Amino acid sequence: MAQAAVVQDSHDEIADTNTGISNRKLLMWVFLASDCLFFGSFIATYLVYRNESVVGPYPNEVLDIPITSVSTFVLLMSSLAMVLALNYLQKDRLGLTRFWILAVAALGLVFLGFQVVEFMTFVSEGLTIHQNLFGTTFFILTGFHGLHVFVGVLWLLGMAFAHFKGSLTSRSSEDLEMAGLYWHFVDIVWIVIFTVIYLIGFSDGEGIETIEHAATIIGG
Amino acid sequence: MTTIAFPTLISRPTSYTGLWSWIGTVDHKRIGTLYGITAFLYFLVGGIEALVIRAQLAQAESDLVSPEVFNQLFTMHGTTMVFLVVMPMSAAFFNWMVPLLIGARDVAFPRLNAFSYWTFLAGSIFLNLSFFLGGAPNAGWFGYANLTGSTYSPGDGVTFWALGLSILGVASLAASFNFVVTILNMRAPGMGLMKMPVFVWMALVTNILLALAMPVIAVALVQLSLDRVWDTNFFNPAAGGDPVLWQHLFWLFGHPEVYILILPAMGIVSEVLPVFSRKPLFGYPAVVFAGAVIGFMGWFVWSHHMFTVGLGPATNSAFAISTMLIAVPTGVKIFNWIGTTWGGKLNLNTSMLFSLGFIGMFIIGGLSGVSHASPPTDAQQQDTYYIVAHFHYVLFGGAILGLFSGGYYWWPKMTGKRLGEGLGKLHFWLMLIGFNLTFGPMHWLGLNGMPRRIATYADGLGWEMSNAIASAGALLLAISVLIFIINVIRTISSTQEAEDDPWDARTLEWSIPSPPPAYNFARIPQVKSLDDFWYTKHPELLHDEQGVDAEVHEPVEEDTHGGGSIHLPSMSYYPFVLSIGMVIAIAGFMQINVELPGTNIQFPWLSAIGIVIGMWGLMGWSMEPVTEEGGH
């Protein structure tokens, strides 16, 4: 009964719980609620510091909406693949399950690849975590999101490993459902981040407010 | 069961005695004991820090300790008492009592529970190591930016503080997930939410608050750590960073944290008062509802810590109103407790005395709290000893007295022996008098203008007498704690044995032996009403007290685990391994890096080692079954 690389600790059957939800699924929901506040605080920080950088590069000088739209689309499609994987697992169609689990992980890796290239491009254009507030808040927020995606990819690869060993079947479909809850959550967080950073803030630049603010700080 | 292919390297612990059985334990009662002992040791550490502070302030122009050491002392005193005493002591009671009160055999995730404890222990040691590695944190327990930046706080103290609290936050988060799931999912059959003991309700609210508030402080601490270690700009005013953001993030966590500290004690008091008044809790639904409302409204009052920042009249007014409003559910609880004792046959033993002391002291602390809900008044009181007096009345007079009440109340259940009543009462009275002598005078010290956090003060300001009284009171407090320790030692070495139900109490934990067996309940109880155990003993009272007619309790034959054998989760070392790995990984951020040749990247080798150890723990954890085949 070596199961996938999921921290499993519940020792009661599903039917035993008061809520009817298994212990570990409820754990996942509580964790996701907690993670909402984690990302919420970083997103709030980003919004508070929007247009507050005193030196460039500014968002309108580095952000590339078309490229990031592609990677966003890739991540959204990975959620679709996740749904399909779970669907086929519940129907015990294991070959298709395997394909779609690996597809989710692969799409996640493609997204991460886009992020790595984006980070390297920005750094070459002079935007680092030290450079200005935009750099600090951008890299740390999207970096933590990327870390979440990376953990999800590792988790899914563990799932695929368990699948090859034959221990992932429709009876243990909740294993995959847990990974799915996490994956969809990380995906939703990206939708918010994409909206806040790229769609709303793409034209933020060295505005009048910014110059005035800089004057108050530098010029005294 | 086939052998696990994964090379686990270490075999499971099998012996139930000795050091390794404690490191590998997953038993909620043992983990609760570990939490309790650790928290009490830190209570002594934080107490000694406080005694040095009081010794320094006993007279004007004293130079017992340097201002630098004084800063470290008050910072570590606050941090220790909040994060290493009241929170883990509450966790000790959650661990011990929540499963027993809801009729469960363990928590939902026993290994996660062990992980929480070891992470807490490692984080607390890491934090205190700073004393020996270049100086403890010295920027105050709420570490305001940008005083905490590298410019104004060079050295590693504040980095220790930020990373140490991050580790403690992970421990608290893991524990909170565990207890929310345990309480929602693992209640005995028939125990609906409104049939849960109030302590379990308050544990639920507290752990929901933890799950939602901890990530906020985690983000603030990550930002601070990155500012200090990687030179980011979050709180760097020169780059446009706003130090007030830190205050918002800190207090958005910090105010729910206040209720995280006090709600467990409120839950304990709500259990103790009915038992020793021989009456059901007055207005159970109101007490529960008030607790939940406090947990909710606690999110909308944080800026009252920032009235003097200059957020503007509209913001200040809104937070003043919400702060005054949150006194209402707190008042509801106080009236319910008084109503519980009203007309009861009071048994004034030590536990009851501590609970009554809690009510009295908490009222004083609550009233002084409402007084600075008003921004103009607060402007006079901000950063004075009046604030110090206020929060010690709610956190010491409230939380600590409540926790002692729970200690005396549940001691027979946890150890099978009763704490001595004579020494117990002496402990209570000395502590009550010492407490009021210490913190009472701080009210007028503050109103007379004595600022907090000053290492010394000039002669002739009229503060000498009050400070001398406060320091004398602190000595009395220390003596009372010594008497408690003597009481514990005498009780442990005595041969007496407590009954299973020494107080003729109301809740399920008293229906099983003292101390409980590893499996807690030989048969999972069937719950029919609030305080089910009481009405099993006294079915004739059910109609009068609960308004329902007694049903004949039929003996229940079925055992949910079938076959009469009880499967408990097996012991495991992996939570310990994962904790150690994670703490090393986080500690590795202290810039003990190695330059990689040919690049400009610093390699955080300590973090890498920690991650490897942590991954090993995580793999072993997920590969080993919860209960070993043929296990216990």
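The structure displayed is predicted, hence computed values, not measured ones. (Residues numbered from 1 in each chain as written. Chains lettered and ligands numbered in written order. Predicted model: local features only at pLDDT ≥ 70, side-chain atom pairs only at ≥ 80, totals over all residues.)

**Brief notes about the overall build of chain A**
Scanning chain A from N- to C-terminus turns up seven helices and zero strands. In chain A, the proportion of contacts linking residues at least 24 apart, taken out of those at least 6 apart, comes to 81%. (Helix = DSSP H or I, 4+ residues; strand = E, 2+ residues; numbered from the N terminus. Contact = placed C-beta atoms within 7 Å.)

**Overview of the overall build of chain B**
Within chain B, the secondary structure is distributed over 18 helices and two strands. The C-alpha radius of gyration of chain B comes to 25 Å, within 12% of the 26 Å expected for a compact globule of 632 residues. Overall, the C-alpha framework of chain B stretches about 75 × 70 × 50 Å when taken along its three principal axes. A buried classification covers 54% of the 632 residues belonging to chain B. Restricting to contacts in chain B with at least 6 residues of sequence separation, those with at least 24 account for 82%. (Rg over C-alpha atoms; globule rule 2.2 N^0.38 Å. Buried ≥ 20, exposed ≤ 12 C-beta atoms within 10 Å, placed from the backbone.)

**Let's talk about the environment of Tyr182 of chain A**
Residue and element names in this part refer to chain A. You can see Tyr182 is positioned in helix H6 (residues 173-200). It is 20 Å that separates the C-alpha atoms of Tyr182 and Ile140, two residues lying 42 residues apart in sequence. Setting aside anything within four residues of it in sequence, one finds Tyr182 in contact with Met28 and Gly152.

**Section: helix H9 (residues 313-341) of chain B**
All names here are of chain B. Over its 29 residues, H9 extends 43 Å from the first C-alpha to the last, a length consistent with the 42 Å expected when each residue adds 1.5 Å. Buried residues of H9: Asn316, Phe319, Ala320, Thr323, Ile326, Pro329, Thr330, Lys333, Asn336, Trp337 and Thr340, and no others. Immediately beyond the C-terminal end of H9, within one or two residues, lies Gly343, with a positive phi of roughly 75°. (Expected span 1.5 Å × (residues − 1).)

**Side note on the nonpolar core**
Ranked by internal contacts, the top residues of the largest apolar core, which has 240 residues, are Ala85 and Val104 of chain A together with Val200 of chain B. Ignoring sequence-local partners within four residues, the contact set of Ala85 of chain A consists of Thr97, Trp100, Ile101, Val104 and Leu176 of chain A. (Core = buried A, V, L, I, M, F, W, Y, C linked by C-beta atoms within 7 Å.)

**Observations regarding the environment of Met89 of chain B**
On the secondary structure map, Met89 of chain B appears in helix H3 (residues 67-101). Sequence-distant contacts of Met89 of chain B, defined by excluding residues within four places in its chain, comprise Gly36, Ala39 and Leu403 of chain B.

**Remarks on the confidence of the model for chain A**
Caution applies to low-pLDDT parts of the model: their predicted coordinates are not meant to be read in detail. Residues and elements named next belong to chain A. Model confidence for chain A is summarised by a mean pLDDT of 86, while 87% of its residues fall at 70 or above. Confidence, expressed as mean pLDDT per element, reaches its minimum in chain A at helix H7 (residues 208-219) with 56 and its maximum at helix H1 (residues 23-48) with 96. Of the regions scoring below 50 in pLDDT, residues 1-14 engages in 45 contacts with residues more than four places distant in sequence or in other chains. (pLDDT = per-residue confidence, 0-100.)

**Section: the packing of helix H5 (residues 157-185) of chain B against helix H17 (residues 574-587) of chain B**
Residues and elements named next belong to chain B. Packing of H5 against H17 leaves a shortest axis separation of 10 Å and a crossing angle of 150°. By the angle between their axes, H5 is roughly antiparallel relative to H17. Crossing of H5 over H17 shows right-handed handedness. Residues Leu163, Ser166, Ile167 and Val170 of H5 pack against Met582, Val583, Ile586 and Ala587 of H17. Each residue belonging to the contact of H5 with H17 can be placed in one class, and the counts come to seven nonpolar, one polar and no charged. (Axes fitted to C-alpha atoms, helices over the stretch in contact; angles between N-to-C directions. Parallel < 35°, antiparallel > 145°, perpendicular 65-115°, else oblique. Left-handed = near helix turned anticlockwise from the far one by under 90°. Nonpolar A, V, L, I, M, F, W, Y, C, P; charged D, E, K, R; others polar.)

**Description of unusual backbone geometry**
Going from Gly56 of chain A to Pro57 of chain A, the amide bond is cis rather than trans, its omega being -5°. Inspection of the secondary structure assignment puts Pro57 of chain A in the loop between H1 and helix H2 (59-62). Here Asp92 of chain A, not a glycine, exhibits a phi torsion of approximately 60°, which is positive. Within the secondary structure layout, Asp92 of chain A lies in the loop between helix H3 (65-90) and helix H4 (94-124). At Asp231 of chain B, a position not held by glycine, the phi torsion is positive, near 65°. Position of Asp231 of chain B relative to the elements: it lies in the loop between helix H6 (198-229) and helix H7 (243-277). Given 13 C-beta atoms within a 10 Å radius, Asp231 of chain B is considered partly exposed.

**Examining the confidence of the model for chain B**
Residue and element names in this part refer to chain B. Counting all residues, the mean pLDDT for chain B is 90, and 92% of those residues have values of 70 or more. Within the model, pLDDT remains below 50 along residues 557-564, and this stretch shows six contacts once partners closer than five positions in the same chain are excluded. Overall fold confidence (pTM) sits at 0.92, and the ipTM for the predicted complex is 0.91.

**Here we look at the packing of helix H2 (residues 28-57) of chain B against H3 of chain B**
All names here are of chain B. As a packed pair, H2 and H3 sit with axes 7 Å apart at the nearest point and diverge in direction by 155°. By the criterion of interaxial angle, the relationship of H2 to H3 is roughly antiparallel. In terms of crossing hand, the pair formed by H2 and H3 is left-handed.

**Quick notes on the environment of Asn51 of chain A**
Checked against the element boundaries, Asn51 of chain A lands in the loop between H1 and H2. In sequence terms Asn51 of chain A and Glu206 of chain A are 155 residues apart; their C-alpha atoms lie 7.8 Å from each other.

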